[in-house]
Amino acid sequence: MAAGKLPDTLAIVTGAGSGIGLATAERLLRRGAVLAIGRDGGKLEQARRALGEAYRPLPLDVSDLAQVLDLKARLEAAGTRVSALVNAAGFATDGSLTLPLEQLAANWQSAIGTNLTGAFQMSAAIAPLLARPGGRIVNVSSIAAYSGGRNKGSSIYAASKSGLHGMTAGFAKELAEEGITVNAVAPGYIADTGFTRHWDRARVEPMLAEIPLGRGGEADEVAALIDFLCAPEAGYITGQIMQPNGGWRVGG
């Protein structure tokens, strides 16, 4: 396993090779080392060259329980305390009901495995290693958890993100007595991420017309909110779903 000798304290960000995950890792680096987890070792190494040695790249598949358990064992052996875990790993897949059921089921298993099971496995594995009090877990959800997704075929992605909301509430209640907070962010349209970068104008412009602020968000704006939720000043916020979406969806 890569990442070198582990420091005494670090934050962990999954999906840290691009988009919101990378922007979050960059923010958290201002407070100390970050273990940057992702499937694409090339992207992680490219980020390390840009951000410095405190960005500790670790190729790992969060849907693979054996890999998650290996990480936990290594952290325990090093005596490393985790200040925050940010579960940003995730992707969308085709959930169109016109697909053959075999393909639809395979797409379900793949996306749920990373977006929801992966976040659950990482949270359960890292929870015992979080600082007490003061540890933080932040899950990256999506506005699709409320809307079902704007386009047809979004049901799998929406279901995986909706599941994160229930998991967030459950972990928040279970860990509150130990001074650990658990929250989620559910962004709306965030421009220029790995997920949205290749969307054409025909797809983007109707969305912008529905957003009161009239623009897409930026990954760093979501990262700034996550960074705050990981800070000591956010110690009285737990079990919440924060919604950086430009007013696209208003209310709880």
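What counts, and at which threshold
Residues numbered from 1 in each chain as written. Predicted model: local features only at pLDDT ≥ 70, side-chain atom pairs only at ≥ 80, totals over all residues. Heavy atoms only, no water. Helix = DSSP H or I, 4+ residues; strand = E, 2+ residues; numbered from the N terminus. Contact = heavy atoms within 4.5 Å. Areas by Shrake-Rupley, 256 points an atom, 1.4 Å probe, with all protein chains shown as cover. Polar contact = N/O pair within 3.5 Å; in protein donor to acceptor, adjacent residues only side chain to side chain. Buried < 20%, exposed > 50% of the residue type's maximum accessible area, 1.4 Å probe, protein only. Pairing = 2+ DSSP bridges. Axes fitted to C-alpha atoms, helices over the stretch in contact; angles between N-to-C directions. Parallel < 35°, antiparallel > 145°, perpendicular 65-115°, else oblique. Left-handed = near helix turned anticlockwise from the far one by under 90°.

A. Representation of the overall build of the protein in the model. Counting its regular elements, the protein contains eight helices and seven strands. Seen through its principal axes, the protein has C-alpha atoms that stretch 50 × 40 × 35 Å. Taking the intrachain contacts of the protein between residues at least 6 apart in sequence as the baseline, contacts between residues at least 24 apart amount to 72%. Entry remark: accessible area of the protein is about 11,700 Å², with carbon and sulfur atoms responsible for 54%.

B. Structural context of the side chain of Thr181. With respect to the helices and strands, Thr181 occurs in strand E6 (residues 181-185). For Thr181, the side chain forms a polar contact with the side chain of Arg136, separated by 3.5 Å.

C. Region of the structure containing the pairing of strand E3 (residues 55-59). Across the five residues that make up E3, a large majority, four, are buried. The pairing of strand E2 (residues 34-38) with E3 spans five bridges and is classified as parallel. Counted as the bridge partner of Ala36 is Pro57 from E3.

D. Inspection of unusual backbone geometry at higher detail. For the bond from Arg132 to Pro133, the omega torsion is -5 degrees, close enough to zero to count as cis. With respect to the helices, strands and loops of the structure, Pro133 is situated in the loop between helix H4 (101-126) and strand E5 (136-140).

E. Highlighting the packing of helix H1 (residues 19-28) against helix H8 (residues 219-229). For the pair H1 and H8, interaxial distance at closest approach is 8 Å and the crossing angle is 50 degrees. Between H1 and H8, the crossing angle belongs to the class labelled oblique. Crossing geometry of H1 relative to H8 is assigned as right-handed. Taken together, the residues of H8 that come into contact with H1 (itself represented by Gly19, Ile20, Ala23, Thr24, Arg27 and Leu28) are Ala219, Asp220, Val222, Ala223, Ala224, Ile226 and Asp227.

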